[in-house]
Amino acid sequence: EATRPDTNKVRPLPLASHWTAGDHKLSEDWGLHTQLKLIDEGHYLLPWFSHPRKERPELQPRIEKLAELKLPFVLLATQWESLLTNDPGYMGLPAEQNPNVVELDGKIKKAVSPFGPIEPWREVGRTWTDNAGMKQLQQLYPDPPLVMFLSNNEHGKLRWTQVETSKRYVNKYGKGKEEHFKRRVVADGWIERYRALQDGMREGLANETWKKNAIFVGYGAFGLEHFGRWGGWRNYSLCSPGRLDPNPLMWDGGSPSYYTHNWNPSTDFKTWSPQVEFQNDVFQQRLARQMNPNFWIELSIWDGYTGGTHIPAKPNDKRKYYESLGQTFTPERYRGFVQFGLWLMRPRAVREFRGWIHPWQDGKPYFMAIIAAVDLVHENPVLCEWWRKGELVPNRAHEHPYQVDIPEEYQDENRWFLLDANVNSQEYPWEMFWEVRVFAIALVRGQAPKRQWLVYAHSPLADRKDVELMIPDYGKITVDVSIGGSFYEVYETEKSVRAVAR
């Protein structure tokens, strides 16, 4: 499934993966030995471990096992370009050779620039792959079907709103240009430099199969979930006329954050939620693959939990917030939340985030909820067929609640897929902090009058009986909706509803 071409006709089934590599004693049980055990038990994982730059003899038997099974895998890393700032050999270069921001007074700022020299990006890329650790890895596993190089992609860089502090930008373009021009030239600069970085990484590989089967994926390198949420959303984008998001030209894939962040008010049970925000990303999948047909889209998942056995939770920890409301964020509730994102986006993988020292025993119940959601797609033949071939149903009766400053070229895009439910507010548009009691979506296949629908619904706070859902261009159905998520098939010819999984 990891190497299957992704087309609208046949979608690859999802895989479970993670951000925690097990490099600390407290978190070591997230490592490859546990992943291989889970795979041996029949679960559908995309293995992961930290990108090695030095030889790691302790990995040898596990890499050999990956090679024996011919498994794809992920190499987790910090942001590769950070060396351009953190390595004195680059940071100390004269201004004309420096890849970082040169300010108007000639000072070098600790942030990479989209207007600096390109060759250092290629050089740094090679250092990540032309080293003893990577050579050992290629010798142990010379023929992987897929190697994903995954960047944390959070290094400091010049923002488009800051370009008039850049001497290079001002010398070339002057001041006072329109905002869309600034966003465009910054995006074009990043496209050239990030591809040079990745080209350097590919060139540094010693093995031709690795060069052919390597892809480069960035955290956050896809989607604008905040599209239209408030008047300043464009400040956090690089949209310009004809191009909403340049990331598919910069990367081979993106891992957007389907997060209930601890630093903002998003939750899993109100309008301001990943379930609502990611409906913005559905049409953006199509745009991404128009620019890059093989673009890998996965989801990074986080519930806002900041604690653990050895780490006190932060004051803004999301689970503590739920507890203050008298709620409990259980693995079952987590699974319902995750499954909504899965069936809305149908991504290539679901990658959970936890801290790098988060103990496996703390995280296991929640990660196993993700694994259960992924396994279900593979093992339930009805859901497997729907995943591959169903078409998401838009709800054109209402607009997405985020409607501020939508560019004219995207105003007719379908951005609302939530089915009307009698237990939710009947007043539209919804306000940011209104409770959403049931999140439900539908997929359709076939032609009238012989259509079928798959409905997925979850109720974050309570199991609910006899919920009425409205399927566009069909009518109402009455179903029970669980916290962990419920699936139903609807048959147009028989006017019937059948439970698939709960």
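Preceding this section is the structure that the text describes.
Just so it is clear, the structure is predicted and the values come from calculations on it, not from any experiment.

## Details of unusual backbone geometry
Note that the residue after Y428, namely P429, is joined by a cis bond; omega there is 0°. Looking at where P429 falls in the secondary structure, it is placed in the loop between β14 (420-421) and β15 (439-445). With omega at 5°, the peptide bond leading from A448 into P449 counts as cis. Its identity is not glycine, yet D405 carries a phi of approximately 60°, on the positive side. Here D405 lies in the loop between β13 (391-392) and β14. Looking at D405, the relative accessible area reads 37%, which means it is partly exposed.

## Some words on empty space enclosed by the protein
Counted according to the given criterion, the structure contains 1 cavity of 30 Å³ or more. Of the pockets and cavities examined, the largest cavity occupies roughly 50 Å³. For the lining of the largest cavity, the element with the highest residue contribution is helix α6 (residues 132-140), accounting for 4 residues.

## What about the nonpolar core?
Nonpolar side chains in soluble globular proteins tend to be buried together. F149 and W343 are the most contacted members of the largest nonpolar core, which has 123 residues in total. Among residues more than four places away in sequence, those in contact with W343 are V377, L383, W386, W387, L392, I441, L443, L454 and F487. V438, A440, I471 and I477 belong to the second largest nonpolar core, which has 18 residues in total.

## As for the pattern of salt bridges
This model, assessed by the stated rule, comprises 35 salt bridges. Residue K37 pairs with E41 through a salt bridge whose shortest N-O separation is 2.6 Å. The exposure class of K37 is exposed, given its relative accessible area of 53%. For E41, a relative accessible area of 46% translates into the label partly exposed. For R286, the salt bridge goes to E413, with nearest N and O atoms at 2.6 Å. Of this pair, R286 sits in helix α12 (residues 281-291) while E413 sits in the loop between β13 and β14, and the two are 127 residues apart along the sequence.

## Thoughts on the pairing of β15
Burial within β15 is extensive, with 6 of its 7 residues counted as buried. As defined by bridge partners, β15 adjoins strand β16 (residues 452-458) across 7 bridges and the pair is classed as antiparallel. Bridge pairing in β16 links V444 to W453. Two successive antiparallel strands, β15 and β16, enclose a turn made up of 6 residues, where G446 displays a positive phi of approximately 90°.

## Describing the sheet that holds strand β1 (residues 15-18)
Strands pair in a sheet through their backbones, by hydrogen bonds, and they do so in one of two ways: parallel or antiparallel. Taken together, the 4 strands give an open sheet; going across it, the order is β1-β12-β11-β9, and neighbouring strands pair in parallel fashion. Looking at strand neighbours, the two that pair on one side only are β1 and β9 (257-259), the edges of this open sheet. Strand-to-strand, the axes of this sheet are offset by a mean angle of 30°, without reference to chain direction. Taken together, the 3 bridges between β9 and strand β11 (residues 299-302) define a ladder with parallel strand orientation. Residue pairing in the sheet places Y258 in a bridge with I301 of β11. Its contacts with the sheet put helix α14 (residues 331-345) on β9, β11 and β12 (349-352), and the angle it makes with β11 is roughly 165°.

The rules behind each value
Residues numbered from 1 in each chain as written. Predicted model: local features only at pLDDT ≥ 70, side-chain atom pairs only at ≥ 80, totals over all residues. Heavy atoms only, no water. Helix = DSSP H or I, 4+ residues; strand = E, 2+ residues; numbered from the N terminus. Buried < 20%, exposed > 50% of the residue type's maximum accessible area, 1.4 Å probe, protein only. 1 Å grid on protein atoms, 1.4 Å probe; cavity = no way out; pocket = protein on both sides within 12 Å on 5 of 7 lines; lining within 4 Å. Points joined across faces, edges and corners; volume = space filled by probe spheres on them. Core = buried A, V, L, I, M, F, W, Y, C linked by side-chain atoms within 4.5 Å. Contact = heavy atoms within 4.5 Å. Salt bridge = Lys/Arg side-chain N within 4 Å of Asp/Glu carboxyl O. Pairing = 2+ DSSP bridges. Axes fitted to C-alpha atoms, helices over the stretch in contact; angles between N-to-C directions.

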